[in-house]
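A closer look at the structure
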Amino acid sequence: MTDNASLVARDLAALWHPCTQMKDHEWLPLVPVKRGKGVWLEDFDGNRYIDAISSWWVNLFGHANPRINAALRDQMESLEHVILAGFSHEPAVELAEKLVEVTPAGLSRCFYADNGSAAVEVAVKMSYHYWRNLRRPEKKRFITLANSYHGETLGALAVGNVALYKETYGPLLMETLAAPTPDCFEREEGESWEAYSRRQFEPMRKLIARHHQEVSAVILEPLVQCAGGMRMYHPVYLELLREACDEYDIHLIADEIAVGFGRTGTLFACEQANITPDFMCLSKGLTAGYLPLSAVMTTEKIYQAFYDEYDNLTAFLHSHSYTGNPLACRVALETLKIFEDDQIIVRNRELAEHAARAFAPLADHPHVREVRQHGMILAAEMMKDPKRREPFPWHERRGLKVYQHGLANEVLMRPLGHVFYFMPPYVITESQIDHVAKMALEGIDLATRD
Ligand SMILES: *Cc1c(COP(=O)(O)O)cnc(C)c1O
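Because the structure is predicted, anything quoted here is derived from the model rather than measured.

Overall, the coordinates contain two cavities of 30 Å³ or more when judged by the stated rule. Its boundaries defined by the atoms lining it, the largest cavity holds a volume of some 50 Å³. Taken together, Ser148, Tyr149, Gly151, Leu157, Gly160, Asn161, Val162, Tyr165, Lys166 and Leu173 make up the full set of residues lining the largest cavity. By residue class, the composition of the lining of the largest cavity is five nonpolar, four polar and one charged. Taken as a whole, the second largest cavity spans an internal volume of roughly 30 Å³. Lining the second largest cavity are Ala352, Ala355, Gln373, Gly375, Met376, Ile377, Leu378, Phe422 and Pro424. Listed by contribution, the elements that provide at least two residues to the lining of the second largest cavity are helix H12 (344–359) and strand S14 (377–382). Here the lining of the second largest cavity is composed, by residue class, of seven nonpolar, two polar and no charged.

Burial of nonpolar side chains together is a common tendency in soluble globular proteins. Met204, Phe261, Phe359, Phe420 and Phe422 are the most contacted members of the largest nonpolar core, which totals 108 residues. At nine residues, helix H11 (residues 326–341) tops the list of elements feeding residues into this core. The residue makeup of this core includes at least three contributed by each of domain 1 (31–64 + 343–447) and domain 2 (70–341). Not counting the four nearest positions on each side in its chain, Phe359 is found in contact with Val371, Leu378, Phe420, Phe422, Ile433, Val436, Ala437 and Ala440. Phe142, Val159, Ile253 and Ile257 belong to the second-largest nonpolar core, a separate cluster that totals 24 residues.

This part is about helix H9 (residues 236–248). Along its 13 residues, H9 runs 18 Å from first to last C-alpha, staying within 8% of the 18 Å computed at 1.5 Å per residue. Positive phi appears at Asp249, one or two residues downstream of H9, with a value of about 60°.

In the numbering used here, UniProt assigns the feature "binding site: pyridoxal 5'-phosphate" (unreviewed entry) to Gly116, Ser117, Asp255, His320 and Ser321. Spanning 206 residues, the annotated positions stay apart in the fold, the maximum distance between their C-alpha atoms being 22.7 Å. Lining the second largest pocket, from the residues just named, are His320 and Ser321. Tracing the backbone shows Asp255 in strand S10 (residues 251–255). Setting aside chain neighbours within four positions, we find Asp255 in contact with Val120, Tyr149, His150, Leu220, Glu221, Pro222 and Cys281. Reaching out from Asp255, the side chain makes a polar contact with the side chain of His150 at a distance of 2.7 Å. Locating His320 in the fold gives a position in the loop between helix H10 (300–304) and H11.

Here we come to the environment of Asp43. Counting through the fold element by element, Asp43 comes out in strand S2 (residues 40–43). Asp43 sits 207 residues away from Ile250 along the chain, and the two C-alpha atoms are 49 Å apart. When neighbours within four sequence positions are excluded, Asp43 is seen to be in contact with Asn4, Val31, Pro32, Val33, Lys34 and Tyr49. Separated by 2.9 Å, the side chain of Asp43 and the backbone nitrogen of Asp45 make a polar contact. At 2.7 Å, the side chain of Asp43 and the side chain of Tyr49 are in polar contact.

The next thing to look at is the site of the ligand. Around the ligand, the neighbouring residues are Trp57, Asn115, Gly116, Ser117, Tyr149, His150, Gly151, Glu221, Asp255, Ile257, Ala258 and Lys284. A distance of 3.4 Å is found between an oxygen atom of the ligand and a side-chain nitrogen or oxygen belonging to Asn115. Asp255 places a polar side-chain atom, nitrogen or oxygen, 2.6 Å from a nitrogen atom of the ligand. For the ligand, the accessible surface in isolation is 380 Å², of which the surrounding protein chains cover 83%. In terms of residue class, the shell around the ligand is made up of four nonpolar, five polar and three charged.

Next up on the list: the pattern of salt bridges. Scanning all chains against the criterion turns up 32 salt bridges. With its nearest N and O atoms 3.0 Å apart, the salt bridge here joins Arg67 to Glu334. Taken together, the residues span a long stretch of sequence, with Arg67 in helix H3 (residues 66–78) and Glu334 in helix H11 at a distance of 267 residues. Among the residues examined, Arg67 registers a relative accessible area of 30% and is labelled partly exposed.

The subject of this paragraph is the packing of H12 against helix H14 (residues 430–447). Two elements in contact, H12 and H14, have axes whose closest approach is 9 Å; the angle formed by their N-to-C orientations is 30°. Relative to H14, H12 is oriented roughly parallel. Pair H12 / H14 crosses with right-handed handedness. Counting all contacts with H12, which are made through Arg347, Leu351, His354, Ala355, Ala358 and Phe359, the residues of H14 involved are Glu430, Ile433, Asp434, Val436, Ala437 and Ala440. Looking at side-chain class alone, the contact of H12 with H14 contains eight nonpolar, one polar and three charged residues.

So, how was this worked out
Residues numbered from 1 in each chain as written. Predicted model: local features only at pLDDT ≥ 70, side-chain atom pairs only at ≥ 80, totals over all residues. Heavy atoms only, no water. 1 Å grid on protein atoms, 1.4 Å probe; cavity = no way out; pocket = protein on both sides within 12 Å on 5 of 7 lines; lining within 4 Å. Points joined across faces, edges and corners; volume = space filled by probe spheres on them. Nonpolar A, V, L, I, M, F, W, Y, C, P; charged D, E, K, R; others polar. Helix = DSSP H or I, 4+ residues; strand = E, 2+ residues; numbered from the N terminus. Core = buried A, V, L, I, M, F, W, Y, C linked by side-chain atoms within 4.5 Å. Buried < 20%, exposed > 50% of the residue type's maximum accessible area, 1.4 Å probe, protein only. Domains from an automatic or database assignment. Contact = heavy atoms within 4.5 Å. Expected span 1.5 Å × (residues − 1). UniProt positions renumbered as here; feature names shortened; annotations may be inferred. Polar contact = N/O pair within 3.5 Å; in protein donor to acceptor, adjacent residues only side chain to side chain. Near = heavy atom within 4 Å. Areas by Shrake-Rupley, 256 points an atom, 1.4 Å probe, with all protein chains shown as cover. Salt bridge = Lys/Arg side-chain N within 4 Å of Asp/Glu carboxyl O. Axes fitted to C-alpha atoms, helices over the stretch in contact; angles between N-to-C directions. Parallel < 35°, antiparallel > 145°, perpendicular 65-115°, else oblique. Left-handed = near helix turned anticlockwise from the far one by under 90°.

Okay, here's the thing in structure tokens:
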């Protein structure tokens, strides 16, 4: 019979896990999951865990969701996959129509890829290729924000700015221009989020003014830099950036791969600044955590710059084998239907308010600086001396103790370094939120002793 120990032994003999120092698993047990149901994951020994991080930010409506399962089963019976060049199919068309409808006004074209990093690669290539088609090939540089994350393939890594990745793979990456982040964690005592994000826009404005003739696009994660430690900022930054990009004729790429699909309280984070980016990258929640799929939404203006006689060789050059996979598109369509039918955004407002109350006590902990939140993303940062903003040394890995305390108490929480965060599936209940909050507080307390 399969139990945790037997599956883990086989795993460690054959697998290599993502972003993991495999040697850790000599003392840190892997958790083999047998099944999922709603917010719950269950292992082979019968232990269960509330998935408080949506399985790396992808799950929206719980595991083994009956509606999505039914849609997937139905699709499987008629068409599992077909080439998307020269051919088309209903789920790809319907999903593109639907995405055009729900994303900010002006995004009228949908280009599919099959994961988040690939979507970022597409947006970067499309932006550059647009300028090339307009005979402005000198516009080939990208502006990014400090501490930003856009995925892990080489192009996506290059436009990201997480220090560890940059240091490790730097020699393989194209060079970018980095602006300071609007991240409000660094604001002065008593300064508002808005005032700080406005102030932080000034160096970005200068960078754009100075380099615009060689810049293709600015890329950023709207409102929350997720992998960079759930660092958050005010929507005014996006408004100011949109204006500057228009003024200086450069593209704005909004990477909503993590923050899209309701995470920040609105369906898309850009809505809170009332802006339309030139490119919007979507993945993760797009299929509610079921299948790999991504989409890059863009404008008619961009599309038209590629639309020409074949001989002019202006067509966009990008394809993946599984582009627009019918199973994934069908699941994404069902996901968007659930948003409408079940009034998810309205319900999330209640859940977010409940979470704010439930996690509020963390802010009083002597080793937590503040609790920050944008809708359904909430974070609290463990620090050695919060008043002086002195971090714990990174190698102390205190987040791991929080993780372990959670696993022993029916919660999967997986801090990013020393940043605890809560980003649950939207089917979580108030009492489950209370339990996660209690375990977070206990875990942080244990992790920050001595
Ligand atoms: C996860 C993520 C990506 C990369 O998506 P993958 O599917 O993991 O390649 C890109 N950008 C952001 C903001 C993300 O959070």
